Amino acid sequence: MRIPFEITILLILCLHNKSYKCHAVHVGCGTRPRKRAKIVGGTDAQAGSWPWQVSLQMERYGHVCGASLVASRWLVSAAHCFQDSDAIKAYMGMRVMNSVSNAAATRQIRRIVLHSQYDQFTSDYDIALLELSAPVFFNELVQPVCIPASSHAFTSGTSCFVTGWGVLSEEGELATLLQEATVNIISHNTCNKMYDDAVTPRMLCAGNIQGGVDACQGDSGGPLVCLERGRRWFLAGIVSWGEGCARQNRPGVYTRVIKFTDWIHQQTKGQVQPLRLSLLVMI
Ligand code: ARG
């Protein structure tokens, strides 16, 4: 096999300088090494199915929100999860709530970057970045999800997945096993009709118009991911809000991640790799 020049340079740079950046470059994003082969209305996830899923927990309340691993020391979550200033811990590589296997990792949060335009009344700009106290090592249960380019289009009708340990029904309890559910991307216009124009350009709707399947309390901050070109999982949305859960004509509303691609790269100072680089190394 002939290795192109740029890749050779990149590999030499990476092998020479074992920084976190290079670790991320080697591994790539959005893959599930383990899988070759609640959410309301979902099903139990298998181990390693959603290796970027994180549980954020407060000492006093336990699990409060979800988040997604996007680089070895960065998580993406929803701004509305951080109204309370209690210390938060992040649990990575977990499936059964609070049972931590060898491959899993727990980290303290060093810093929370809330979006400066976050509006708690409209839920506009509902995004936050969390810097871990120390980087995590990627393994078959812990992997970053890909951040889409700002030009990426998640077309309406595409079926994607939402995951989390949120309540299993509006009045129900948190899930013990990580739940997954298939939801379809809903067009901005259709969604705005159902929500009286409360859906801003920074929001993305997904769900089932008939109801029955949705994210719910406790899923907030967690991922809505879509498999692109059958290869890699991309973070399309962040669980943000909805009227009730899984109601007819009231789909889930998510933070539209493509609107924040540049913000994420700026705030993490390039530690979240653009996909181009990971692809180069994977060739
Ligand atoms: N805000 C909720 C939370 O804090 C999540 C709401 C999502 N609701 C929905 N119907 N999709 O966990």
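The model shown is predicted, which means the values in this text are computed figures rather than measured ones. (Residues numbered from 1 in each chain as written. Predicted model: local features only at pLDDT ≥ 70, side-chain atom pairs only at ≥ 80, totals over all residues.)

What about the overall build of the protein?
(1) Moving on: Along the backbone of the protein there are five helices and 13 strands.
(2) Moving on: When burial is assessed residue by residue, the protein has 45% of its 283 residues classed as buried. (Helix = DSSP H or I, 4+ residues; strand = E, 2+ residues; numbered from the N terminus. Buried ≥ 20, exposed ≤ 12 C-beta atoms within 10 Å, placed from the backbone.)

Some details on the site of the ligand
(1) Moving on: In the neighbourhood of the ligand, 13 residues make up the surrounding shell, with A215, S220, G242, C245 and G252 lying closest.
(2) Moving on: Of the residues assigned to the shell around the ligand, the class counts are five nonpolar, six polar and two charged. (Near = placed C-beta within 6 Å. Nonpolar A, V, L, I, M, F, W, Y, C, P; charged D, E, K, R; others polar.)

Observations concerning the environment of V40
(1) Moving on: Within the fold, V40 resides in the loop between α2 (20–27) and β1 (43–44).
(2) Moving on: Judged by C-beta crowding, with 26 C-beta atoms within 10 Å, V40 ranks as buried.
(3) Moving on: Separated by 177 residues in the primary sequence, V40 and Q217 place their C-alpha atoms 9.8 Å from one another.
(4) Moving on: Beyond its immediate chain neighbours, meaning those up to four positions away, V40 contacts L168, S169, V213, D214, C216, C245 and A246. (Contact = placed C-beta atoms within 7 Å.)

Points about the confidence of the model for the protein
(1) Moving on: In the predicted model, the protein carries a mean pLDDT of 88, and 86% of its residues have values of at least 70.
(2) Moving on: Every residue in residues 279–283 scores below 50 in pLDDT, and together they form nine contacts with partners more than four places removed in sequence or on other chains. (pLDDT = per-residue confidence, 0-100.)

Some details on the sheet that holds strand β4 (residues 74–77)
Working definition: the strands of a sheet are paired by backbone hydrogen bonds and lie parallel or antiparallel to each other.
(1) Moving on: Taken in spatial order, the six strands close into a barrel running β2-β3-β4-β7-β6-β5, and their pairing is antiparallel. Neighbouring strand axes in the sheet, compared pairwise and without regard to direction, differ in orientation by 40 degrees on average.
(2) Moving on: In this structure, strand β5 (residues 88–92) lies alongside strand β6 (residues 105–114), joined through four bridges in antiparallel fashion. Bridge pairing in β6 places Y91 opposite T106. (Pairing = 2+ DSSP bridges. Axes fitted to C-alpha atoms, helices over the stretch in contact; angles between N-to-C directions.)

Examining unusual backbone geometry
(1) Moving on: Of note in the backbone geometry, D197 takes a positive phi value of approximately 65 degrees without being a glycine.
(2) Moving on: Relative to the assigned elements, D197 resides in the loop between α3 (188–194) and β10 (203–207).
(3) Moving on: A count of 8 C-beta atoms within 10 Å places D197 in the exposed class.
(4) Moving on: The residue N249 is not glycine, and still its phi comes out positive at about 60 degrees.
(5) Moving on: Looking at the element boundaries, N249 is found in the loop between β12 (232–241) and β13 (252–256).
(6) Moving on: A residue is classified by how many C-beta atoms lie within 10 Å of it, and N249, with 14 of them, is partly exposed.

Quick look at the pairing of β10
(1) Moving on: For β10, the tally of buried residues reaches five of five residues, placing the bulk of the element in the interior.
(2) Moving on: Taking every second residue as pointing to the same face, both faces of β10 are buried, with M203, C205 and G207 on one and L204 and A206 on the other.
(3) Moving on: By the bridge criterion, four bridges tie β10 to β13 in an arrangement that is antiparallel. Bridge pairing in β13 links A206 to G252.

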